[in-house]
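# Observations on chain architecture
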Amino acid sequence: MRGKRSKQYRKLMHQYGMTFGFREPYQVLVDAQMVQDAARFKMDLWPALERTLHGKVKPMITQCSMRHLYASKETPPAIVDKTKTYERRRCNHHTLEQPLSTLECLSSVVDPKGSRTNKHRYVVACQDNEVRSYLRSIPGVPLIYVHRSVMIMEPMAHATEHVRDKDEKSKFRAGLKGARGAITDTLKRKRDDEEEQSGSGSEQEEGRARSGAQSQEEASKKKKRKGPKGPNPLSVKKAKKRPAQENNKGVGKKDSGEGGTSNPAATINEDGTPAAQKRKRKRSHKSGKGADSNGPESEAHDAPSASAEGAGAAEED
Ligand SMILES: [Zn+2]
């Protein structure tokens, strides 16, 4: 239970810090009753406040509260002396015949102009329920009281929560604007890059570029990418490969005297051996060129291999 509450208070103070600018040491206004009750519960007020607020604390007491304390006979002198060491908050009601009530005094100290702002970021540790109830209407006043020897920090009041929500929304919006600003900057930079590169002709690339170097890299990538576009590379490879092989073989055969042709349709008629060879190959790759299938089978059979040379010569003529 204690751990859970402690975590809750830490979070609360974090939120007070975020929204209302509370910082350590937290200035805590204590009233006379708080001092007395703490003494009655044998609670060491200062350390208890630091445990509750999760941070360094500067306890403060108004002149009026001090006078209340002096006036009450039941407060042990030791406690009064201890409380004297707290920083005295000069509410300037000391000139009055009687001290003001805690409600009047604290409300004038917390919100001197009556503008519903906790100008000096006071935490108020007060046992008077009426006072706390009034202070809840002022946004950003952390409230502490002691109940049965347990120090309790009130959850955020509605007025406080309202301000916190508004503040968070506006911060969120500011964050969005900031992000938008960053995007605009990026766009501007991109435009600049494009303008710079327009001389080298790379401006056509739609800039995803963030810097000049990157945009150039992207430009080269894009140009490369343009090349291979077209027919399916697999199909292209097949179509090119066969004629290339044939040509090579044909040339080689011609040189070695075996015969063979680079253009089978035109020359194979007089060309014996290679034609036969070709026919064999044709069978295996029948799906190939139509021109090859025109190869004259009968002549190829009859033709002697010796006439290959002559055929080659004739062909060249
Ligand atoms: Zn006062």
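We now turn to the structure provided with this report. Computed from a prediction, not measured in an experiment: that's the story for all the values here. (Residues numbered from 1 in each chain as written. Predicted model: local features only at pLDDT ≥ 70, side-chain atom pairs only at ≥ 80, totals over all residues. Heavy atoms only, no water.)

A separate point is the overall build of the chain. When helices and strands are tallied, the chain shows 15 helices and six strands. In the chain, buried positions account for 37% of the 317 residues. Once local pairs closer than 6 in sequence are excluded, the contacts in the chain between residues at least 24 apart make up 59%. Working note: accessible area of the chain is about 19700 Å², and carbon and sulfur atoms make up 52% of it. (Helix = DSSP H or I, 4+ residues; strand = E, 2+ residues; numbered from the N terminus. Buried < 20%, exposed > 50% of the residue type's maximum accessible area, 1.4 Å probe, protein only. Contact = heavy atoms within 4.5 Å. Areas by Shrake-Rupley, 256 points an atom, 1.4 Å probe, with all protein chains shown as cover.)

Structurally, His94 can be placed in the loop between β3 (87-89) and α6 (102-110). Along the sequence, His94 and Cys64 sit 30 residues apart, while their C-alpha atoms lie 6.8 Å from each other. Leave out the neighbours within four places in its chain, and His94 touches Gln63 and Arg67. Side-chain polar atoms of His94 contact the side chain of Gln63, separated by 3.4 Å. (Polar contact = N/O pair within 3.5 Å; in protein donor to acceptor, adjacent residues only side chain to side chain.)

Here we take up unusual backbone geometry. Residue Pro25 is bonded to the preceding Glu24 through a cis peptide linkage, with omega at -10°. One non-glycine residue, Arg116, adopts positive backbone phi at about 60°. Residue position: Arg116 is located in the loop between α6 and β4 (122-125). Here Ser149, not a glycine, exhibits a phi torsion of approximately 65°, which is positive.

Attention shifts here to the packing of aromatic side chains. Tallied over the entire structure, the rule returns three aromatic pairs. Geometrically, the ring pair formed by Tyr16 and Phe20 is tilted, given 6.1 Å between the ring centres and 40° between the ring planes. You can see Tyr16 and its partner Phe20 sitting in helix α1 (residues 2-20), four residues apart, about one turn around the helix. Phe20 carries the same exposure label as Tyr16, and that label is buried. Where Trp46 meets Tyr86, the ring centres are 5.7 Å apart and the plane angle is 80°; that geometry is what we call edge-to-face. With Trp46 in helix α3 (residues 45-53) and Tyr86 in the loop between α5 (77-84) and β3, this pair connects stretches of sequence that are 40 residues apart. By way of ring pairs, the aromatic residues Tyr16, Phe20 and Phe22 are connected into one cluster. (Phe/Tyr/Trp six-rings, centres within 6.5 Å; stacked < 30°, edge-to-face > 60°.)

Right, let's talk about the nonpolar core for a bit. Val28, Val30, Leu45, Leu49, Leu53, Ile144 and Met151 are the most contacted members of the largest nonpolar core, which totals 32 residues. Ranked by residues supplied to this core, first place goes to α1 with five residues. The next biggest cluster of nonpolar side chains, apart from the first, holds 17 residues, and it includes Cys91, Leu106, Val109 and Val141. (Core = buried A, V, L, I, M, F, W, Y, C linked by side-chain atoms within 4.5 Å.)

A word on the environment of Glu104. Along the chain, the position of Glu104 falls in helix α6. Classification of Glu104 by relative accessible area gives partly exposed; the value is 45%. In this structure, the C-alpha to C-alpha distance between Glu104 and Val131, residues 27 residues apart in sequence, is 8.6 Å.

All quantities given are derived from atomic positions and should not be read as evidence of function.
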